[in-house]
Amino acid sequence: IVTFPDFDGSVQRMWVAPPNLTALPGGACPEQGCPAMLSLHGAAVGCGPVWGKSYDLTPGGFPYPAWLVQPTNRFHWGTDWEGPGYDDGIAALAYVDAKLPGAG
């Protein structure tokens, strides 16, 4: 779980999983960084690895060569993914792009 400054200055939480580098040529992100994949959810979904593991399609774990970004949408029931929820998702992506190594 990672905390990040949201669009309104509040501190919010998200689950972030690194890319599966075995899916990339040379086993590394490109020079410009690996992409980020925004994952949205319904109401009352907890933030953490169980949510992220829903993407595990292979025994090797998360199959995509991208950062998996799963913001909480501000509180337990969220705010839908429009208005403040949309802004929350964009702020989460911006934080990953700016602060996590290999994101781009």
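You'll find the structure just up there.
Please read these numbers as outputs of a predicted model, since none were measured by experiment. What you see as residue numbers is a count from 1 along each chain, following the sequence as written. Where local features are concerned, this predicted model is filtered to residues with pLDDT of at least 70; where side-chain atom pairs are given and counted, the filter is 80 or more; whole-chain, interface and lining totals use all residues. With hydrogens and water set aside, each side-chain value is computed from the structure's full complement of heavy atoms.

1. A look at the pairing of strand 2 (residues 11–17)
- By the criterion of burial, strand 2 is predominantly enclosed, with five of the seven residues buried.
- The hairpin formed by strand 1 (residues 2–5) and strand 2 contains five residues between the paired strands, and Gly9 there has a positive phi angle of roughly 90°.
- Two strands are said to pair when DSSP picks up at least two bridges between them. In DSSP terms, a helix is any run of H or I states spanning at least four residues, a strand is any run of E spanning at least two, and both are numbered starting from the N terminus. Of the strand pairs in this sheet, strand 2 and strand 4 (residues 67–71) are connected by four bridges, and their pairing is antiparallel. Note on strand 4: the bridge partner recorded for Trp15 is Gln70. Per-residue accessibility, obtained with a 1.4 Å probe over protein chains only, is compared with the maximum for each type, and a residue is labelled buried under 20%, exposed over 50%, and partly exposed between these values.

2. Considering the sheet that holds strand 3 (residues 36–38)
- Pairing is mixed in the open sheet, where four strands are placed in the order 1-2-4-3. Each end of this open sheet is capped by a strand with a single partner; those strands are strand 1 and strand 3. Between one strand and the next, the sheet's axes are offset by a mean angle of 35°, whatever the strand orientation.
- Where helix 2 (residues 84–99) meets the sheet, its contacts fall on strand 1, strand 2, strand 3 and strand 4, and the angle it forms with strand 1 comes to roughly 110°. Here an axis means a line fitted to C-alpha atoms, over the contact stretch when the element is a helix, while the angle between two N-to-C directions is reported on a 0 to 180 degree scale. Here, residues are in contact when the closest pair of their heavy atoms is within 4.5 Å.

3. Some words on the state of the cysteines
- By convention in this document, the label disulfide applies to cysteine sulfur atom pairs within 2.5 Å. Enumeration according to the criterion identifies one disulfide in this entry.
- Bridging Cys29 to Cys34, the disulfide has an S-S length of 2.0 Å. Classification of the bridge connecting Cys29 and Cys34 rests on its S-S torsion, roughly -105°, and on that basis the disulfide is left-handed.
- Residue classification places Cys29 among the partly exposed residues on the basis of a relative accessible area of 23%.

4. What about helix 2?
- In a regular helix each residue adds 1.5 Å, so 16 residues correspond to 22 Å; helix 2 covers 22 Å between its end C-alpha atoms and thus fits that length.
- Listed as buried for helix 2 are Gly85, Asp88, Gly89, Ala91, Ala92 and Val96. Along helix 2, the residues classed as buried sweep out an arc of 165° about the axis, all on the same side. Exposed side of helix 2, more than 90 degrees from the buried face: Tyr86 and Ala98 are the residues found there.
- On the buried face of helix 2, the contacting elements are strand 1, strand 2, strand 3 and strand 4. Helix span, expected: 1.5 Å multiplied by one less than the number of residues in the helix. Think of it as the arc spanned by the lines of direction from the helix axis to the C-beta atoms.

5. Brief notes about the pairing of strand 1
- Pairing geometry for strand 1 and strand 2, over four bridges, is antiparallel. The partner of Thr3 across the bridge, within strand 2, is Arg13.

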